[in-house]
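Listed here are the chains, written in short residue letters.
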Amino acid sequence: MAAAGAEAAAVASEEEKRLPEGDPESGGDSEDEGDSDSSGDGEDEEKENEAEIQRLEEQLSINAFDYNCHLDLIKLLRQEGELVKLRRARQKMSELFPLTEEIWLDWLKDEIKMASESSEREKVYELFERAVKDYICPEIWLEYAQYSIGGIGQEGGIEKVRSIFERALTAVGLHVTKGTALWEAYREFENAILETAQPAPGSVPSPEQQQMLCSQLEKIHTLFRRQLGIPLLDMEASYAEYEEWSEDPIPETTIKNYKKALQQLEKCKPYEEALLGAETPKLAEYQAYIDFEMKAGDPARIQLIYERALAENCLVPDLWARYNQYLDRQLKVKELVLSAHDRAVRNCPWTVGLWIRYLLAMERHRVDHGIISEMFEKALNAGFIQATDYVEIWQAYLDYLRRRVDFTQDSSKELEELRSAFARAVEYLKQEVEERFSESGDPSCTIMQNWARVEARLCNNMQKARELWDNIMTKGNAKYANMWLEYYNLERAHGDTQHCRKALHRAVQCTSDYPEHVCEVLLTLERIEGTLEDWDAAVQKTENRLARVNEQRAKAAEKEAALAKQEEEKAEQRKQARAEKKASKKAKKTRIGDKRKADDDDDEGEWGQEEAEQPIKRHKGDGDGRLLEEDMEVETGLFGRSGPEKPDRPANQKEKASTSRKDIPKVLHDSSKDNVTVFVSNLSYNMADPEVKLKELFESCGEVAEIRPVFSNKGTFRGYCYVEFKEEKSALQALGLDRKVVEGRPMFVSPCVDKNKNPDFKVFRYSTTLEKHKLFISGLPFSCTKEELEDVCKAHGNVKDIRLVTNRAGKPKGLAYVEYENEAQASQAVLKMDGLTVKEHVIKVAISNPPLRKLPDKPEAGRASQFAVPRQVYGARGKGRTQLSMMPRALQRQNNPVAKAENGMVQNSPATSSETPEEPKKMSNADFAKMLLKK
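Just so we're clear, the structure is a prediction, and the values are computed from it rather than from any experiment.

What counts, and where the lines are drawn
- Residues numbered from 1 in each chain as written.
- Predicted model: local features only at pLDDT ≥ 70, side-chain atom pairs only at ≥ 80, totals over all residues.
- Heavy atoms only, no water.
- Helix = DSSP H or I, 4+ residues; strand = E, 2+ residues; numbered from the N terminus.
- Buried < 20%, exposed > 50% of the residue type's maximum accessible area, 1.4 Å probe, protein only.
- Contact = heavy atoms within 4.5 Å.
- Areas by Shrake-Rupley, 256 points an atom, 1.4 Å probe, with all protein chains shown as cover.
- Salt bridge = Lys/Arg side-chain N within 4 Å of Asp/Glu carboxyl O.
- Pairing = 2+ DSSP bridges.
- Axes fitted to C-alpha atoms, helices over the stretch in contact; angles between N-to-C directions.
- Patch = residues over 30% accessible without salt bridge, like charges linked within 9 Å, V, L, I, M, F, W, Y side chains within 5 Å.
- Lys, Arg positive; Asp, Glu negative; His and termini not counted.
- Charge placed at Lys NZ, Arg CZ, Asp CG, Glu CD.
- Core = buried A, V, L, I, M, F, W, Y, C linked by side-chain atoms within 4.5 Å.
- pLDDT = per-residue confidence, 0-100.
- Polar contact = N/O pair within 3.5 Å; in protein donor to acceptor, adjacent residues only side chain to side chain.
- Expected span 1.5 Å × (residues − 1).
- Arc of directions from axis to C-beta.
- Parallel < 35°, antiparallel > 145°, perpendicular 65-115°, else oblique.
- Nonpolar A, V, L, I, M, F, W, Y, C, P; charged D, E, K, R; others polar.
- Left-handed = near helix turned anticlockwise from the far one by under 90°.
- Phe/Tyr/Trp six-rings, centres within 6.5 Å; stacked < 30°, edge-to-face > 60°.
- Lys NZ or Arg CZ within 6 Å of the ring centre and 35° of its normal.

Focus on the overall build of the protein
Right, on to step 1. Within the protein one finds 34 helices and 12 strands.
Right, on to step 2. A buried classification covers 40% of the 935 residues belonging to the protein.
Right, on to step 3. For the protein, the share of sequence-separated contacts (at least 6 apart) that also reach a separation of at least 24 residues comes to 64%.
Right, on to step 4. Of the roughly 52700 Å² of accessible surface on the protein, 50% is carried by carbon and sulfur atoms.

As structure tokens, this is what we get:
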């Protein structure tokens, strides 16, 4: 209430002080009537700004953690002169995020201008105290010290200034490049006091004055000596200044410390120079500097270099994590540790790991339970980007609550709080998280499992544990054997045999992934503890269940075999059609002779069709493949120098060209020159003079030795070629032309590698792993350009790169990758842009995390047993087509003489067949069924 009253008073005070533009006292009405148009434009701009301010405030009410939105609002309010709203906006932002040096300095300067009375000066002091806690910034400390000098006339003013200077030196006095300014400012202040203490000319100082003069001189001497013992830039100038100022010779101890500091400065200079020449964010340079200071082992200097790195990289979670780990394990100072953790989560609220470390640090330093609970509630509102993050933060908080409980007591307040927290966690994941992410993030119900373990082991409440496991099984986990075995182990340790037997009977009935394993566990239980009736019931139940499972597997195998047979028949038909086509061509050539007629449209159509299909197969894989020697194509530069054939060319010219091509020998590729050669593909088939065109393009990379376009025997360009350079570095530089648009198509440039010798060689220049600073956007209109997408994305952060995904012809696919400077901007962009409408298309935005490519199955005889037990039992429709293996499971099982199931149960192996692998493929579906049922 007191804070609210103070804010209301400040609002009233600011309204009185603020004079709007055009106020009569400012002479705004003295302008001519001719300026009415400009004033009208100003009013329109003011209305636009007010509308934008309202929009930003509404957006912040929806997502208070929108960092860029806070910045835009503060900028607009400062531009409009809305000091009251500006102060409120800065206050709200400072509660959520540590403010940067620039924001703090602007805020402080605005408040300093308005502070005239002593009470208002105290508010500025309080603001300075908040500012120096966010980051260790020399400029803010220097501004703080200089502002405090203005209050020197107040009671205790001098001592207060000295206190601020001493705190500033402790915080940033070791700063190699900026620490000198603070030391000099402190000395200037003491020198000014010394000047005021000097007696008037011609007068004799009293003993009190003489003592004060000596004391003041000693303060300045001490400052010089302290400064000269620290490695700072321009130390030589400070030493020379001390020599000139001091009437006495410099002590040997000071000189020794000065030389030692100079040596240390020489060691630091390479790292400072690297930081000076590096571009933002300078993470590598700062990490090298940190490693250097860690080896030296000075805690103050290690802390300072971490703080310097964080001031420029405040949105890098890993850097905060390393700094906090150092403070937790080495310094262990409560105020310092908790302050760093607090700043970390305020800078990177989307990183769940920082919140978890903060909760642990608070517990470690015995912070009040209410404060820890309040911090946990803030973490829930931080806006994590993955559903699993909420599971992790809940689990960390539940662990903390469990450690507070004294389980020797039957009931306690802490235990009830733990139980209510477990219940709330389960409900929160079901309601809040699942509504936002369409998944709870906890499919295996780990939180409920831990709750059941706590009830069973620590509270001896198996009834509650059974209720929890019953809920777990109803959430889709009853089909997994490992879930039943977890429950069985809990019953085995803390329950009774009756409930163990009941759980295993249910498991046998419900499990679909590894039913054999569950059956084996049930039989083992009955063998050790069961009666004859129990054993008979278990054997009957397991046999019936396994019979149904085998029947389902047999049906699935039949379907697979049928589909595989269909595919084989289709492949055989295609093969036969190709053979017939080839035979018909050969027959035509035999009738006509060695020459084709120029007007043979049918035959020319067949050639055209084959040529159109062949490059598609050849270019699959983005042009990374090598060209193999074929009878229907040659590598020669001769054809490249002649333009493509024109359809209206006379028949005799075509015959001459065809005859001349037959006389030209093939130019085989020299693999010894692969290091100076690049493979160029995806070029237009209609490119005129490809050799000339490509030579002009690649000469910018270095001297070109030869360009070998590849043509068909008709003389048409096949769309790919080899470019050979004189030097290897030119070939490496040519790879930079990959994806360059040439005649409307993206040209693919890749290293020249023999795929026969390196079958796994691939060239893909983009990352296929999770990149938290990069977005994947789908659903874009095909007409959307890179510039239009950049206009949409740059409103949410600094865009480093945009890549529109296209097909081989250069046509857009409606997909794009957008790279931001850091994770913070990317996560904010996801929240804002997902579901956005762009040209009447609703786009989907997510963090870039491409799925892993599934390699084709390569069945081996020695590994066939791995497929004996399917992962799960499928329905009446069997597997989808995309899930099929081309080799029937029955054949894979037959090839292995020893079949061992994945769940550990050994089954009878079929007789080893001496037939060739091709012969089982001729078996009918009935034969497959008989073979499987014999098991």
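Considerations on the pattern of salt bridges
Right, on to step 1. This model, assessed by the stated rule, comprises 42 salt bridges.
Right, on to step 2. Residues E111 and R87 are paired through a salt bridge, measuring 2.9 Å at the closest nitrogen-oxygen approach. In this pair, E111 sits in helix 5 (residues 101-114) while R87 sits in helix 4 (residues 83-96), placing the two residues 24 residues apart along the sequence.
Right, on to step 3. On the basis of relative accessibility, which here comes to 15%, the residue E111 falls in the buried class.

Examining the sheet that holds strand 7 (residues 771-778)
Right, on to step 1. Reading across from one edge, 8-9-7-12 is the order of the four strands in this open sheet, with antiparallel pairing throughout. At either end of the open sheet lies a strand with only one pairing partner, and these are strand 8 (799-806) and strand 12 (844-848). Averaged over all neighbouring strand pairs, the angle between strand axes comes to 25 degrees, with direction disregarded.

What to know about a negative patch on the surface
Right, on to step 1. A cluster of acidic side chains, namely E43, D44, E45, E46, E48 and E50, defines a negative patch on the protein surface.
Right, on to step 2. Among the secondary structure elements, E43 is positioned in helix 2 (residues 36-62).
Right, on to step 3. Judged by relative accessible area, which is 48%, E43 ranks as partly exposed.

Considerations on the environment of E416
Right, on to step 1. With respect to the helices and strands, E416 occurs in helix 20 (residues 413-437).
Right, on to step 2. Given the relative accessible area of 41%, E416 is considered partly exposed.
Right, on to step 3. Along the primary structure E416 and V405 are separated by 11 residues, whereas in three dimensions their C-alpha atoms are 9.2 Å apart.

Notes on the nonpolar core
Right, on to step 1. Counting 163 residues, the largest nonpolar core has I140, I393 and W394 as the members making the most contacts within it.
Right, on to step 2. With 10 residues, the single largest contributor to this core is helix 19 (residues 387-404).
Right, on to step 3. If sequence neighbours within four positions are ignored, W394 has contacts with F376, L380, A421, R424, A425, Y428, L429 and I447.
Right, on to step 4. In this structure, V678, M687, F698 and C701 belong to the second largest nonpolar core, which totals 21 residues.

Describing the confidence of the model for the protein
Right, on to step 1. Confidence along the protein averages 80 in pLDDT terms, with 76% of residues attaining 70 or more.
Right, on to step 2. Every residue in residues 856-888 is under pLDDT 50, and counting partners more than four places away or in other chains gives 50 contacts.
Right, on to step 3. Note on residues 890-921: pLDDT is under 50 here. Beyond four places in sequence and across chains, it has 53 contacts.

A word on the side chain of S412
Right, on to step 1. Counting through the fold element by element, S412 comes out in the loop between helix 19 and helix 20.
Right, on to step 2. At 3.2 Å, the side chain of S412 forms a polar contact with the backbone nitrogen of L415.

Quick look at unusual backbone geometry
Right, on to step 1. Omega for the bond connecting T280 with P281 falls within 30 degrees of zero, at 15 degrees, which places this linkage in the cis form.
Right, on to step 2. Residue position: P281 is located in the loop between helix 12 (252-277) and helix 13 (283-296).
Right, on to step 3. Here the phi dihedral of N460 falls at roughly 55 degrees; this positive angle occurs in a residue that is not glycine.
Right, on to step 4. Within the fold, N460 resides in the loop between helix 21 (446-458) and helix 22 (462-477).
Right, on to step 5. A relative accessible area of 67% places N460 in the exposed class.
Right, on to step 6. In the Ramachandran plot, E840 falls in the positive-phi region, its phi being about 65 degrees despite a non-glycine side chain.
Right, on to step 7. For E840, the location among the structural elements is in the loop between strand 10 (837-838) and strand 11 (841-842).
Right, on to step 8. Take E840: its relative accessible area is 78%, and that puts it in the exposed class.

Digging into helix 13
Right, on to step 1. For helix 13, which comprises 14 residues, the first-to-last C-alpha distance of 20 Å matches the rise-based estimate of 20 Å (1.5 Å per residue) to within 8%.
Right, on to step 2. Every buried residue of helix 13 is accounted for by Y286, Y289, I290, F292 and E293. Along helix 13, the residues classed as buried sweep out an arc of 160 degrees about the axis, all on the same side. Counted as exposed and oriented over 90 degrees from the buried face of helix 13: A284 and K295.
Right, on to step 3. Those residues of helix 13 hidden inside the fold are in contact with helix 12, helix 14 (299-312) and helix 15 (317-331).
Right, on to step 4. Positive backbone phi, approximately 85 degrees, marks G297, located one or two places after helix 13.

Observations regarding the packing of helix 23 (residues 481-494) against helix 25 (residues 515-529)
Right, on to step 1. Between helix 23 and helix 25, the least distance of the axes is 10 Å, while the angle of their chain directions is 25 degrees. Of the possible angle classes, the one that applies to helix 23 and helix 25 is roughly parallel. Where helix 23 approaches helix 25, its residues A481, L485, Y488 and R492 are matched on the opposing element by H517, V518, V521, L525 and E529.
Right, on to step 2. Along the lines of polarity and charge, the residues of the contact of helix 23 with helix 25 split into six nonpolar, one polar and two charged.

Some remarks on a positive patch on the surface
Right, on to step 1. Among the surface-exposed residues, K570, R574, K575 and R578 lie close enough to one another that they form a single positively charged patch.
Right, on to step 2. Judged by relative accessible area, K570 falls into the partly exposed class, the value being 41%.

Some points on the side chain of T542
Right, on to step 1. Relative to the elements of secondary structure, T542 occurs in helix 26 (residues 532-592).
Right, on to step 2. The buried category is assigned to T542, whose relative accessible area is 4%.
Right, on to step 3. In this structure, T542 is in contact with C519, L522 and L523, ignoring residues within four places of it in sequence.

Regarding the packing of helix 16 (residues 334-347) against helix 17 (residues 352-364)
Right, on to step 1. It is the contact of helix 16 with helix 17, at a shortest axis distance of 9 Å, that shows an interaxial angle of 155 degrees. One finds that helix 16 runs roughly antiparallel with respect to helix 17. Taken as a pair, helix 16 and helix 17 cross one another with a handedness that is left-handed. When helix 16 is examined against helix 17, the residues V337, L338, H341, D342, A344 and V345 are found in contact with a partner set consisting of L354, W355, R357, Y358, A361 and M362.
Right, on to step 2. Here the contact of helix 16 with helix 17 is built from residues that sort into nine nonpolar, one polar and two charged.

Section: helix 18 (residues 369-380)
Right, on to step 1. Look at helix 18: 17 Å from first C-alpha to last across 12 residues, which is about the 16 Å you get at 1.5 Å a residue.
Right, on to step 2. Every buried residue of helix 18 is listed here: H369, I372, S373, M375, F376, A379 and L380. Taken down its axis, helix 18 places every buried residue within 160 degrees of arc, on the same side.
Right, on to step 3. Along its buried surface, helix 18 packs onto helix 16, helix 17, helix 19 and helix 20.

What to know about the packing of aromatic side chains
By convention here, two paired aromatic rings are described through the distance between centres and the angle between planes.
Right, on to step 1. Under the criterion given, the structure shown has 31 aromatic pairs.
Right, on to step 2. Taking the centre distance of 6.4 Å and the plane angle of 45 degrees together, the rings of Y289 and F292 count as tilted. On the criterion of helical spacing, the pair formed by Y289 and F292 is a turn pair, its members being three residues apart in helix 13. We note that Y289, like F292, is buried.
Right, on to step 3. An aromatic cluster is present here, built from F376, F384, Y390, W394, Y397, Y400, Y428 and F437 joined pairwise through their rings.
Right, on to step 4. Just above the ring of Y147 sits the side chain of R121; from NZ or CZ to the centre is 4.2 Å.
Right, on to step 5. Sitting above the plane of the Y125 ring, K160 keeps its charged end 3.5 Å from the centroid.

Structural notes on the pairing of strand 9 (residues 812-820)
Right, on to step 1. Two elements, strand 7 and strand 9, share four bridges in a ladder whose sense is antiparallel. Looking at the pairing, K774 lines up with E819 of strand 9.
Right, on to step 2. Relative to strand 9, strand 8 runs antiparallel, the two being bridged by seven bridges. Its bridge partner being in strand 9, V805 is matched across the sheet by L815.

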